[in-house]
Amino acid sequence: MKVSFYVLTENKAQDFLGFICQLAQTALNKSSQSLLILIEKDDALLSTLDQALWSQDDTSFIPHQRLLDSNPESADIDGVHTDINNQLLAPVLLASYMPADFKGIVLNTTIRPVNDFINATSNTLPTRILELIKPDAVSTEAGRAKYKHYQQLGYELTHFKV
């Protein structure tokens, strides 16, 4: 599995939501897979990101859906992510957990490695992980720990300073 670390400069960290939106749009443009944006359980951040994705660009928005239930039963039918009622979900999902059967790209904004979320969910196997590292001590230390964790698992690691 490929894991890309995005080490944010102070300027990018100040526009954290803008960078998440930009990275989400890039991921959508380069892949037909769903994108899950993992967020700590923080309703204010989730609401703010929800609004930012609706207004990312003056002429467009990033189609997304908030997953509110912490234990949804969902299915992946023919590569199209659907909920228990077989309704299509948006290409970008916002959640503080990994939905069952998710197979796509994960943009992780939490301080925990994605494997912590995978272990709590059945049949989940991301195809790629995007890690965001802010320029503060807590995020930097968590980023180092995640890097070591993924390295021990044999994942292909890259990093970018942005």
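Description of the structure in this document. (Residues numbered from 1 in each chain as written. Predicted model: local features only at pLDDT ≥ 70, side-chain atom pairs only at ≥ 80, totals over all residues. Heavy atoms only, no water.)

**Some thoughts on the sheet that holds strand β6 (residues 92-95)**
Quick note on the threshold: Two strands qualify as a pair provided DSSP detects at least 2 bridges between them. Strands here mean DSSP runs of E at least two residues long; helices mean DSSP runs of H or I at least four residues long; both are numbered from the N terminus. With axes taken as lines fitted to C-alpha atoms, and helix axes fitted only over the stretch in contact, angles between N-to-C directions fall between 0 and 180 degrees. Should any heavy atoms of two residues lie within 4.5 Å, those residues are considered in contact.
Strand order in the open sheet formed by seven strands is β3-β6-β2-β7-β8-β1-β9, with parallel pairing between adjacent strands. The sheet terminates laterally at β3 (64-66) and β9 (156-161), the two strands that pair on one side only. Averaged over all pairs of adjacent strands, the angle between their axes in this sheet comes to 20 degrees, without regard to strand direction. As defined by bridge partners, β3 adjoins β6 across three bridges and the pair is classed as parallel. Following the sheet pairing, arginine 66 is matched in β6 by leucine 94. The strands touched by helix α5 (residues 137-152) are β1 (2-7), β7 (105-108), β8 (128-133) and β9; relative to β8, the strand with the most contacts, the crossing angle is about 155 degrees.

**Side note on the nonpolar core**
Stated formally: For this analysis, a nonpolar core means a set of buried residues of the types Ala, Val, Leu, Ile, Met, Phe, Trp, Tyr and Cys, connected via side-chain atoms within 4.5 Å. Partly exposed residues are those whose accessible area sits between 20% and 50% of the maximum for their type, while under 20% is buried and over 50% is exposed, using a 1.4 Å probe and protein chains only.
Ile37 and Leu49 are the most contacted members of the largest nonpolar core, which has 26 residues in total. For this core, the elements supplying multiple residues, two or more each, are α2 (16-30), β2 (35-38), α3 (43-54), β6, β7 and β8. Contacts of leucine 49, omitting those with residues within four sequence positions, involve Leu17, Ile20, Cys21, Ile37, Ile39 and Leu94. Ranked by size, the runner-up nonpolar core spans 20 residues in total, among them Phe5, Leu89, Phe117 and Leu157.

**Digging into the pairing of β1**
Consecutive side chains of a regular strand alternate in pointing toward one face of the sheet and then the other. Direction of pairing for β1 relative to β8: parallel, over a ladder of six bridges. Residue pairing in the sheet places serine 4 in a bridge with leucine 130 of β8. In the sheet, β1 pairs with β9 via six bridges, with the strands oriented parallel. Each residue of the ladder has a partner; that of tyrosine 6, found in β9, is phenylalanine 160.

**Considering the pattern of salt bridges**
Pairing is possible between side chains that carry opposite charge, provided their charged atoms lie close to one another. Here is the rule we go by: Basic side-chain nitrogens of Lys or Arg form a salt bridge, by our definition, when they fall within 4 Å of a carboxyl oxygen of Asp or Glu.
Across all of its chains, the model carries three salt bridges by this definition. For glutamate 141, the salt bridge goes to arginine 144, with nearest N and O atoms at 3.7 Å. Of the two residues, glutamate 141 and arginine 144 are both situated in helix α5; the distance of three residues between them amounts to about one turn of the helix. A residue is classified by how much of its surface remains accessible, and glutamate 141, at 48% relative accessible area, is partly exposed.

**A word on the packing of α2 against α3**
In plain terms, the rule: Angle categories: roughly parallel below 35 degrees, roughly antiparallel above 145, roughly perpendicular from 65 to 115, and oblique for all the rest. Crossings are sorted by hand: turned counterclockwise from the far helix by less than a right angle, the near helix makes the crossing left-handed, and turned clockwise it makes it right-handed. The classification used treats Ala, Val, Leu, Ile, Met, Phe, Trp, Tyr, Cys and Pro as nonpolar, Asp, Glu, Lys and Arg as charged, and all other residues, Gly among them, as polar.
Axis separation between α2 and α3 bottoms out at 10 Å; the angle between their running directions is 55 degrees. By the angle between their axes, α2 is oblique relative to α3. In this structure, α2 meets α3 at a crossing whose hand is right-handed. On α3, the residues touching Leu17, Ile20 and Cys21 of α2 are Leu45, Thr48, Leu49, Ala52 and Leu53. Within the contact of α2 with α3, the residues separate by chemical class into seven nonpolar, one polar and no charged.

Bear in mind that shape data such as this cannot, by itself, settle questions of function.
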